[in-house]
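Examination of the molecular architecture
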Amino acid sequence: MATVLVTGANRGLGLEFVRQYAAAGWDIIACARRPEAATELAALAQASGGRIAVEALDVADHASVDAAARRLDGRAIDVLLLNAGTMGGGSRAGTGYPTSRFGAVNYEDWDTIFRVNVAGPMKVTEAFVAHVARSAQKKCVAISSIVGSIASIRSGGLYAYRGSKAALNAVMKSLAIDLARSHGIVVATVHPGFVRTDMGGPRADLDPPESVAGVIRVIDGLDASKAGRFWRYDGSELPW
Ligand SMILES: NC(=O)c1ccc[n+]([C@@H]2O[C@H](COP(=O)([O-])OP(=O)(O)OC[C@H]3O[C@@H](n4cnc5c(N)ncnc54)[C@H](OP(=O)(O)O)[C@@H]3O)[C@@H](O)[C@H]2O)c1
């Protein structure tokens, strides 16, 4: 059976990825930075008959990423799902993203957002490349955002989050080239839609089940011809 590793698996889209991959019969390595607080995830794991394993992994803490990779040494990971992300403190939906307004930018937030959203996926990929390389499917997928598509920018603001997702897109494009050559790994980037999670808020367009079902269809359909490209959850392609 295939194995997926999901970062940020304790709530939002990450938790829904765990639910849907479990329902499809996959083995899941569900990563959360504070497993002791991940009660919904723990309940899913307990009911999974051992198919969902919860691992402590904070993408901003590189020692924690390396420790998780060592604990899983020798394990094949078919899909490395780089889902964990943040808009920064005080910038959840409904707050008006106050720390990202011109003239009121919070640069500590800026550092956190880039560490989690850009360096995080890079570090997790470095740490787990051998696990993915020994799998059958060999896929590495980052959950990005349409707001990181420079060609699609129509409104201002969201400086740190938008900048972080544009940087993530560039990182994933580079990784697609390098890891295809070095390990035959398919790397791609997916926008999940505007989704009703803590991040997306209640007025977003989609519920997590619809978004995640679409993203999983996109991942299932990935092959070398679709690597190094930016996909929307509905299977259409986005410009960089
Ligand atoms: N919702 C949307 O409309 C939307 C649209 C486009 C893209 N996205 C992207 O989709 C992904 C999931 O978003 P979401 O809507 O599910 O957001 P969410 O509900 O806010 O959940 C974010 C997840 O990321 C985790 N996380 C944050 N910092 C972390 C760290 N340092 N290490 C490990 N995990 C960390 C959180 O864990 P804690 O509980 O420990 O904080 C949580 O599990 C993100 O990359 C986001 O940028 C979302």
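Residues numbered from 1 in each chain as written. Predicted model: local features only at pLDDT ≥ 70, side-chain atom pairs only at ≥ 80, totals over all residues. Heavy atoms only, no water.

What about the overall build of the chain?
Basically, it comes down to this: Here a strand is any run of E in DSSP of at least two residues, a helix any run of H or I of at least four, and the numbering for each starts at the N terminus. C-alpha atoms define the radius of gyration in this analysis, and the globule rule sets the expected value at 2.2 Å times the number of residues to the power 0.38. Exposed residues in this analysis have more than 50% of their type's maximum accessible area, buried residues have under 20%, and partly exposed residues fall in between, with area computed by a 1.4 Å probe over protein chains only. Each accessible area is a Shrake-Rupley result for a 1.4 Å probe, and residues are judged covered by the shown protein chains and nothing else. Just so you know, the count uses Lys and Arg for positive and Asp and Glu for negative, and it drops His and the chain ends. All charge positions are set by atom: Lys at NZ, Arg at CZ, Asp at CG, Glu at CD.
The secondary structure content of the chain amounts to 6 helices and 8 strands. Secondary structure elements in the chain, listed N-terminal to C-terminal, are β-α-β-α-β-α-β-α-β-α-β-α-β-β. Here the C-alpha radius of gyration of the chain, 17 Å, is about what a compact globule of 240 residues would show, namely 18 Å. The principal-axis extent of the C-alpha atoms belonging to the chain is close to 50 × 40 × 35 Å. When each of the 240 residues of the chain is scored for burial, the buried share is 48%. Accessible surface computed for the chain: about 10800 Å², of which carbon and sulfur atoms make up 53%. Here the chain holds 26 positive side-chain charges and 23 negative ones, and the gap between their average locations is 3 Å.

Describing helix H3 (residues 62–71)
What counts here: Whenever a nitrogen or oxygen atom comes within 3.5 Å of another N or O atom, the pair is scored as a polar contact, on the condition that within protein one atom can donate a hydrogen and the other can accept it, and that pairs from neighbouring residues in sequence are kept only if both atoms are in side chains.
By the burial criterion, the buried members of H3 are Ser-64, Val-65, Ala-67, Ala-68 and Ala-69. N-cap assignment for H3: the residue whose side-chain oxygen lies 3.1 Å from the backbone N of Ala-63 is Asp-61.

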